[in-house]
Number of protein chains: 2
Amino acid sequence: MKEFLSRAKASAQTIATLDGKTKNRILNEMAEALLANSSTIVKANKKDMEAGEKSKLESALLDRLLLNQERVEAIANSLREIAQLKEPVGRILDGWVNDDNLRIEKVSVPIGVVGVIYESRPNVTSDVAALCFKSGNVAILKGGKEAEHSNMAIAKVLQDVLVKNKLPKEIVSLLPDATREGVAKLIKEDGYVDLIVPRGGEALIKFISKNSSVPVVKHDKGLCHTYIHRDASHSKALSIAVNAKCQRPGVCNAMETLLIDKEISKVLLPGLYKAFVDSGTKIKGCNATREFIFVDPATDIDYDTEYLANILNIKVVSGIDEAMAHITRFGSGHSEAIITENYSAAEKFMNTIDAACVYVNASTRFTDGGAFGFGAEVGISTNKLHARGPMGINELTTYKFKIYGNGQVRR
Amino acid sequence: MKEFLSRAKASAQTIATLDGKTKNRILNEMAEALLANSSTIVKANKKDMEAGEKSKLESALLDRLLLNQERVEAIANSLREIAQLKEPVGRILDGWVNDDNLRIEKVSVPIGVVGVIYESRPNVTSDVAALCFKSGNVAILKGGKEAEHSNMAIAKVLQDVLVKNKLPKEIVSLLPDATREGVAKLIKEDGYVDLIVPRGGEALIKFISKNSSVPVVKHDKGLCHTYIHRDASHSKALSIAVNAKCQRPGVCNAMETLLIDKEISKVLLPGLYKAFVDSGTKIKGCNATREFIFVDPATDIDYDTEYLANILNIKVVSGIDEAMAHITRFGSGHSEAIITENYSAAEKFMNTIDAACVYVNASTRFTDGGAFGFGAEVGISTNKLHARGPMGINELTTYKFKIYGNGQVRR
């Protein structure tokens, strides 16, 4: 492990200083190579699929795992798109001349060695490798065990392109010890690894957050609310609430609890009830909600649950203060929305709620690198530091100060 | 502890949303209150001084600990200066309209609850409290045991001003359990604390880095180099090298090892030797150095030592590549300098070296919030993430995205 990490770290300077044109050419070569080797990749994937079927993986998981010619083409296209992103390294983020006439530039630079731990979708292997490569970082990848053969086949193709270009193959590596113990070791190696990005189940993320001595940018749970203020447009409230819950209930930016002002609950609840029932949503409600619609009761445990399913809590609140207090208590700081036509209520909500993304009159489902216009998404950070919310490729860089002098010394 | 932390967290929203004018007025009131209570503070400090003398603290430490009327005035002035800094909260860092016609603003916001662990200078208590206050954060302070009474007296004055202004006194708190065990507990409370800033000895920082489940911005060691390239101006090389080592040898941005190109070592070493000896510097040298000047040998252990004293290693290198390899091996990523008139050498060094601050033709001693023009310094981060290098008050903020819609839903 140490030997591998030391080779990975040693290759960081090489990739960090590679120019954009070369990086983009290599990314396009990687796309070509994936296509040229698609039958090998699909064959490797068959092994994973057979093992998955044997071990009775859920069909949704099997579908995520599957690679065919079409999906390999999609993976290759994704690399081409990443090649087209604006160069993330060397952006001058700030600059000034200080009182000593030193010119100080704050410049974006690669983070160094980035470890990414993720689940069973093999396309993540090439996507993350490409994002790290384009941003000048060494990528150490640890995918799901179910996708082992697929990931190895993809990584080999990418590494062959690196070697053909006389670059160290460690720039894109699979973690050699792909067990839980291997991960436990990796996250202690702060001398070699600069950042860990875990993408996966709650238990994995908790384990890594608690035990890592390497900084972690985590993609944790999203317990998101939509609050319908008394001055909301009823039509916007209805379409946004339904979209936030039902358009894709299994993702982190979907709504889990809908808060409604008491003053308009009687008018709005029947229409909301019908729309949600039509969308197949199971509703739980507070006592005040249950005065108007016939649903199961919602408890504090429900308010604290990220369903990741088409289930919704509805709670009637006395006004914006109670709504914000509920969100502060139960929210996970991911995405929170207010629906209102009232300027002051919108401002108060947007300024007070402490979350990565706060919305007025829009669905929380927009919390997404693609929807934000970042071009490619590294993940959605629930960290407060380094990166918060949707992470684009720029979030795979840090900065350094370049100071240009002419003989200055400190007095 | 939990009860205290829960009160601290609860007060975060209050301070986060306080307007700049009110914050500045309160900071000025705090300055006034410190002056009005200076005799109480000096009296409390006497207890610490007496205990320090009894336990035979070094005179340098005793001097750091001492408070008198003049120093209380300096502390008050520092608060007034912090009040005059530009408002760090609510800066619009980026903004655009996405393809769905959502207006997205990236806005600076307070981090939340910040724990700062520091040594025995009591002025740090009010400085850090004021910086956190101005940036909208709750400050949990844990100063050195030697300054216990001084810190308590200062904190009480600040808290009284908060209470007079009907604000929760927890906004500025001393950690109730100010033992090592108390710190060990604090750094595990990631549910309540958003950031830990340790300022202190290497052992403390290592302990916190390894054990904290709260993100840490550390102020770690500075093992800094100056490299004299063959095309250096000899006069600049001489004055910058002497300044980097001797102007204040006990600080993190002072030089520990001087690297000199072989081609000019014979010409430069005698003059450097004389200048360093005149400045009271003890020199150790590599074999090639010792051909020209009479000094003790330098070993790898020396190259790996942050002396924090007027001791210097000198090493002759074959050229820029060997110099950069030495810096990559032994540097701590703090501050590194090249002295040269050669454009391409300067560019290569500045672009390749991975450190918070890289210099051409200037002393590494400029790595400092004050020298950078930040107005007040939180510290110098040796982290790669969140904040790197000199930290101003803006580095006590994070960001959130505000998304302004008009009924948009995700398709």
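Residues numbered from 1 in each chain as written. Chains lettered and ligands numbered in written order. Predicted model: local features only at pLDDT ≥ 70, side-chain atom pairs only at ≥ 80, totals over all residues.

A. Quick peek at the overall build of chain A. The secondary structure content of chain A amounts to 17 helices and 16 strands. Its C-alpha atoms give chain A a radius of gyration of 24 Å, within 12% of the compact-globule value 22 Å for 411 residues. For chain A, the spread of C-alpha atoms along the principal axes amounts to about 70 × 70 × 35 Å. Going through the 411 residues of chain A one by one, you find that 50% of them count as buried. In chain A, the share of contacts with a sequence separation of at least 24, taken over all contacts with a separation of at least 6, comes to 70%. (Helix = DSSP H or I, 4+ residues; strand = E, 2+ residues; numbered from the N terminus. Rg over C-alpha atoms; globule rule 2.2 N^0.38 Å. Buried ≥ 20, exposed ≤ 12 C-beta atoms within 10 Å, placed from the backbone. Contact = placed C-beta atoms within 7 Å.)

B. Seen up close, the sheet that holds strand β5 (residues 172-174) of chain A. All names here are of chain A. Spatially, four strands are ordered β5-β4-β3-β6 in an open sheet, and the strand pairing comes out parallel. Each having just a single partner strand, β5 and β6 (195-198) make up the two edges of the open sheet. Taking the axes of each pair of neighbouring strands and ignoring which way they run, one obtains an average angle of 20° across the sheet. Bridge count for strand β3 (residues 113-117) against β6 is four bridges, and the pairing is parallel. Within β6, the position partnered with Val116 by the bridge is Val197. Across the face of the sheet, helix α7 (residues 123-134) comes into contact with β3, β4 (138-142) and β5 while running at roughly 160° to β4. (Pairing = 2+ DSSP bridges. Axes fitted to C-alpha atoms, helices over the stretch in contact; angles between N-to-C directions.)

C. Structural context of the domain arrangement of chain A. Residue and element names in this part refer to chain A. Segmenting chain A into domains produces domain 1 (2-220 + 387-404) and domain 2 (224-370). The partner domain 2 presents six residues to the six residues of domain 1 that form the contact. In terms of residue class, the side of domain 1 that touches domain 2 is built from two nonpolar, two polar and two charged. (Domains from an automatic or database assignment. Nonpolar A, V, L, I, M, F, W, Y, C, P; charged D, E, K, R; others polar.)

D. A look at the relation of the copies chain B and chain A. Of the two same-sequence chains, chain B is brought onto chain A (RMSD 0.0 Å, axial shift 0.0 Å) by a rotation of 180°. Both chain copies can therefore be described as sitting about a two-fold axis. It is B:His386 whose C-alpha, among those of chain B, lies nearest the rotation axis, at 2.1 Å. (Least-squares fit on C-alpha atoms with pLDDT ≥ 70 in both.)

E. Examining the pairing of strand β13 (residues 357-362) of chain B more closely. Among the six residues in β13(B), six count as buried, and that is most of the element. In this structure, strand β16 (residues 397-408) of chain A lies alongside β13(B), joined through five bridges in parallel fashion. Bridging across to β13(B), A:Ile403 finds its partner in B:Tyr359. Here strand β12 (residues 335-339) of chain B pairs with β13(B) via four bridges, running parallel. Pairing of B:Ala337 across the sheet is with B:Tyr359, part of β13(B).

F. Local environment of the interface of chain B and chain A. Contact with chain B, which involves 57 residues of that partner, is made by 57 residues of chain A. Elements with a minimum of two residues in the side of chain B that touches chain A: α10 (202-211), α11 (234-246), α16 (343-352), β13, α17 (369-372) and β16 (397-408) of chain B. Counting residues per element, the side of chain B that touches chain A draws most heavily on β16(B), which supplies 11 residues. Tallied by class, residues from the side of chain B that touches chain A come to 24 nonpolar, 22 polar and 11 charged.

G. Region of interest: the sheet that holds strand β11 (residues 311-317) of chain B. Ordered in space as β1(A)-β2(A)-β16(A)-β13(B)-β12(B)-β7(B)-β8(B)-β11(B)-β9(B)-β10(B), the 10 strands form an open sheet in which the pairing is mixed. Among the strands making up the open sheet, the edge pair consists of β1 (92-97) of chain A together with β10 (296-297) of chain B. Across the sheet, helix α12 (residues 262-278) of chain B is in contact with β7 (224-228), β8 (255-261), β9 (282-285) and β11 of chain B; its angle to β8(B) comes to roughly 145°. Docked against the sheet, α16(B) engages β16 of chain A together with β12 and β13 of chain B, running at close to 160° with respect to β13(B).

H. Examining the confidence of the model for chain A more closely. Here chain A averages 95 in pLDDT, while 100% of its residues score no lower than 70. At the level of chain-chain contacts, confidence expressed as ipTM amounts to 0.93, with global pTM at 0.93. (pLDDT = per-residue confidence, 0-100.)

I. Structural detail: helix α8 (residues 148-164) of chain A. Residue and element names in this part refer to chain A. Here α8 contains 17 residues, and its C-alpha end-to-end distance of 24 Å stays within 8% of the 24 Å for a straight helix at 1.5 Å per residue. The set of residues buried in α8 consists of Ser150, Asn151, Ala153, Ile154, Ala155, Val157, Leu158, Gln159, Val161 and Leu162. In the core, the buried residues of α8 are packed alongside α3 (20-36), α4 (38-54), α7, β4 and β5. Downstream of α8 by one or two residues, Lys166 has phi in the positive range, about 60°. (Expected span 1.5 Å × (residues − 1).)

J. A look at the environment of A:Asn123. Relative to the helices and strands, A:Asn123 resides in helix α7. Along the primary structure A:Asn123 and A:Ile75 are separated by 48 residues, whereas in three dimensions their C-alpha atoms are 6.0 Å apart.

K. Broad picture of the packing of α4(A) against α8(A). Residues and elements named next belong to chain A. Remark: α4 packs on α8, axes separated minimally by 7 Å, with the N-to-C direction vectors making an angle of 160°. Classed by the angle they form, the pair α4 and α8 counts as roughly antiparallel. As α4 packs across α8, the resulting crossing turns out to be right-handed. Contacts between α4 and α8 involve Thr40, Ile41, Ala44, Asn45, Lys47 and Asp48 from the former and Glu148, His149, Ser150, Met152, Ala153 and Ile154 from the latter. Taken together, the residues of the contact of α4 with α8 break down into five nonpolar, four polar and three charged. (Parallel < 35°, antiparallel > 145°, perpendicular 65-115°, else oblique. Left-handed = near helix turned anticlockwise from the far one by under 90°.)

L. Inspection of unusual backbone geometry at higher detail. Look at A:Lys166: it is not a glycine, yet its phi comes out positive at around 60°. Relative to the assigned elements, A:Lys166 resides in the loop between α8 and β5. Given 7 C-beta atoms within a 10 Å radius, A:Lys166 is considered exposed. At B:Asn101, a position not held by glycine, the phi torsion is positive, near 65°.

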